[in-house]
Amino acid sequence: MGQEAASYDAIVLGAGGAGLMCAAVAGQRGRRVLLLDHAEAPGKKILISGGGRCNFTNLGAVPERYLSANPHFARSALARYTAADFLALVEKHGIAWHEKTLGQLFCDGSARQVVEMLLAECAAGRVDLRLGQPVEVEHGDGRFRVRHGARSYDAPALVIATGGPSIPKLGATGFAYDLARRFDLKVVEPRPALVPLTLSGEEALFTSLSGVSAEVVASAGKTAFREAALFTHRGLSGPAILQVSSYWRHGEPIAIDFLPDAAPGWLRTTKRAEPRSGLRTQLARRLPERLAEALAARLELAGELANLPDRKLEEAERRLSGWRFVPSGTEGFAKAEVTVGGIATAGLSSQTMEARAMPGLYAIGEAVDVTGWLGGYNFQWAWASGWAAGQAL
Ligand code: FDA
């Protein structure tokens, strides 16, 4: 790289949630830290998260709510830096917050407060933050040399915090994986997650229900979520669908229970109580009108319940509680909130996030093969893994 490089104790690549936390923690421990990003502004995903209010953590952030090839990897960091720890930081900065549902904590005001809080923590740790230039990395003699635009820097430690490829228009790239591979770290196949599913063929009939939503239980394999599902012009979205999308693989079915509160045998019981009513009327009492109409049409059971054999009603109940279909795909990284997969945890220490075979190299946040559920879990992983590396640098 030629020119004289300014030296630091650590260089953190990526000023998202994980990189900001890591840099602040290491800086406040007295390390000289440089935080670099190619974007013009830090924390862009934080700013748009949670509809602009940032769902910054979840009170139930246990390792079981994360996907990874090694489900135990996240345990240590999540136990050492908890949702309560992040909440204490939020309160120290006087940010008002509320619990929305299912343990999800949001700012009362704006996600910008979270970015400002992290920048203030970085300033308290005298972190040098430089933005808006592409990054190149070289390694030799136990030091990392990083070019950022026209300037060069070097340090004995480098933290990969450049996230995953979800939402490229926000500056997301697969840079973390390319860099990791260069240092012989393995990468678990990255897939879009927390992403809408698309429908085609026979199932595309449902796209006529665009805008309709209902509380359902959606499941992929053994994993099920009870939340809202939303029909879109391309397929299905809404929290229940986003959640199962992380567990879904191409070619596999998704099942939806449209009537999670209906008792077994409800249609046959209703037939005795209201023999003159029809299936569509009964469904419309429990589901949005347009959905009830579409499901009744698909079940092809016209006429009064009294004239329908119990066997047919039993079959209808079974289908309504386990409507199976195979999505044609997902809306891809352009619409995915996160990426499943990433830098393989097998090559990293779960205590420090340092690469086992490359001392001084660390990986944190979404770049790593740890992906949380919808609802503040992904930020909690960004904070916890960033904190763990920040303590170790
Ligand atoms: P993040 O992606 O935040 O940061 C990576 C940084 O690296 C970026 O600043 C980027 O510019 C930089 N970078 C990338 N490539 C680079 C390169 N080649 N050179 C230099 N810099 C580079 N989670 C949650 O818990 N609660 C929520 O409410 C939401 N909401 C939400 C909404 C939307 C629309 C999205 C897309 C995502 C969410 N998420 C979320 C997920 C959450 O945003 C995500 O998990 C974290 O931001 C990951 O933090 P990281 O710091 O690891 O990566």
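Residues numbered from 1 in each chain as written. Predicted model: local features only at pLDDT ≥ 70, side-chain atom pairs only at ≥ 80, totals over all residues. Heavy atoms only, no water.

**Comments concerning the overall build of the protein**
Helices and strands together make up the secondary structure of the protein, namely twelve helices and 23 strands. Across its three principal directions, the C-alpha atoms of the protein cover 85 × 40 × 35 Å. Out of the 393 residues belonging to the protein, those deemed buried represent 53%. Counting contacts in the protein only where the partners sit at least 6 residues apart, residues at least 24 apart contribute 72% of the total. When the accessible surface of the protein is totalled, it reaches about 16,800 Å², and 50% of it is carbon and sulfur. Measuring between centres, the 43 positive side-chain charges of the protein sit 1 Å from its 40 negative side-chain charges. (Helix = DSSP H or I, 4+ residues; strand = E, 2+ residues; numbered from the N terminus. Buried < 20%, exposed > 50% of the residue type's maximum accessible area, 1.4 Å probe, protein only. Contact = heavy atoms within 4.5 Å. Areas by Shrake-Rupley, 256 points an atom, 1.4 Å probe, with all protein chains shown as cover. Lys, Arg positive; Asp, Glu negative; His and termini not counted. Charge placed at Lys NZ, Arg CZ, Asp CG, Glu CD.)

**Observations regarding the nonpolar core**
In this structure, Phe86, Phe258, Leu283, Leu291, Ile343, Trp381 and Trp383 are the most contacted members of the largest nonpolar core, which totals 128 residues. Per-domain counts for this core show at least three residues from each of domain 1 (6-191 + 340-392) and domain 2 (197-330). Those residues within four positions of phenylalanine 258 in sequence are excluded, and the remaining contacts are Glu215, Val216, Phe231, Leu287, Leu291, Leu295, Leu320 and Trp323. (Core = buried A, V, L, I, M, F, W, Y, C linked by side-chain atoms within 4.5 Å. Domains from an automatic or database assignment.)

**Notes on the site of the ligand**
The immediate surroundings of the ligand are formed by 29 residues, with Asp37, Asn55, Thr173, Glu366 and Phe379 found nearest. Take glutamate 366: an N or O atom from its main chain is 2.8 Å from an oxygen atom of the ligand. Here the ligand has 1,000 Å² of accessible area as a free molecule, and 92% of this is covered by the chains. For the shell around the ligand, the secondary structure elements donating two or more residues are α1 (17-28), α2 (44-48) and α12 (377-392). No other element matches the three residues that α12 contributes to the shell around the ligand. Broken down by class, the residue content of the shell around the ligand amounts to eleven nonpolar, 14 polar and four charged. (Near = heavy atom within 4 Å. Polar contact = N/O pair within 3.5 Å; in protein donor to acceptor, adjacent residues only side chain to side chain. Nonpolar A, V, L, I, M, F, W, Y, C, P; charged D, E, K, R; others polar.)

**Digging into the environment of valine 195**
Along the polypeptide, valine 195 turns up in the loop between β13 (187-193) and β14 (197-198). It is 24 Å that separates the C-alpha atoms of valine 195 and glutamate 99, two residues lying 96 residues apart in sequence. Setting aside its immediate chain neighbours within four residues, valine 195 contacts Ile241, Leu242, Ser245, Thr330, Glu331, Gly332, Lys335 and Ala336.

**Focus: the domain arrangement of the protein**
For the protein, the assigned domains read domain 1 (6-191 + 340-392) and domain 2 (197-330). Taking only C-alpha atoms, the centre of domain 1 and the centre of domain 2 are 39 Å apart. Across the contact, seven residues belong to domain 1 and nine residues belong to domain 2. The junction of domain 1 with domain 2 conceals about 750 Å² of combined surface from both sides, 52% of it contributed by carbon and sulfur atoms. When the buried surface of domain 1 facing domain 2 is broken down by residue, Arg191, Trp373 and Leu374 rank first, second and third, together holding 62% of it. One salt bridge in this structure joins glutamate 189 and arginine 249, with 3.7 Å as the shortest N-O distance. Applying the counting criterion to the domain 1 and domain 2 interface returns three residue pairs in polar contact (both at pLDDT 80 or more). Within the side of domain 1 that touches domain 2, the residues separate by chemical class into five nonpolar, no polar and two charged. (Buried area = accessible area lost by both parts, 1.4 Å probe. Salt bridge = Lys/Arg side-chain N within 4 Å of Asp/Glu carboxyl O.)

**A look at the packing of aromatic side chains**
Taken as a whole and assessed by the stated rule, the structure comprises 14 aromatic pairs. Between phenylalanine 86 and tryptophan 383 the ring centres are 4.3 Å apart and the planes differ by 0°, which places this aromatic pair in the stacked class. Within this pair, whereas phenylalanine 86 is found in helix α4 (residues 83-92), its partner tryptophan 383 is found in helix α12, the two being separated by 297 residues in sequence. Each of the two residues, phenylalanine 86 as well as tryptophan 383, counts as buried. With 6.0 Å between their ring centres and 75° between their planes, phenylalanine 258 and tryptophan 323 make a pair best called edge-to-face. Highlighted residues: phenylalanine 258 in the loop between β18 (254-257) and α8 (266-273) and tryptophan 323 in strand β19 (residues 323-325), separated in sequence by 65 residues. Residue phenylalanine 258 is classed as buried on the basis of its relative accessible area of 3%. Chaining the aromatic ring pairs together yields one cluster made of Tyr66, Phe225, Tyr247, Trp373 and Tyr377. Sitting above the plane of the tyrosine 8 ring, arginine 32 keeps its charged end 4.9 Å from the centroid. One residue, arginine 298, lies across the ring of phenylalanine 206, its end atom 5.3 Å from the ring centre. (Phe/Tyr/Trp six-rings, centres within 6.5 Å; stacked < 30°, edge-to-face > 60°. Lys NZ or Arg CZ within 6 Å of the ring centre and 35° of its normal.)

**Quick notes on the sheet that holds strand β22 (residues 361-363)**
Spatially, the five strands line up as an open sheet ordered β8-β3-β2-β12-β22, and their pairing is parallel. With one partner strand each, in any of the chains shown, β8 (128-130) and β22 form the two edges of the open sheet. The mean angle between the axes of side-by-side strands here comes to 20°, regardless of whether they run parallel or antiparallel. When strand β12 (residues 158-160) meets β22, the two strands line up parallel, connected through three bridges. For leucine 158, the partnering residue across the bridge sits in β22 and is leucine 361. Packing against the sheet, α1 makes contact with β2 (10-13), β3 (33-36) and β12, and its axis sits at approximately 170° to β3. Contacts from helix α6 (residues 175-182) reach β2 and β12 within the one sheet, and its direction differs from that of β12 by about 130°. (Pairing = 2+ DSSP bridges. Axes fitted to C-alpha atoms, helices over the stretch in contact; angles between N-to-C directions.)

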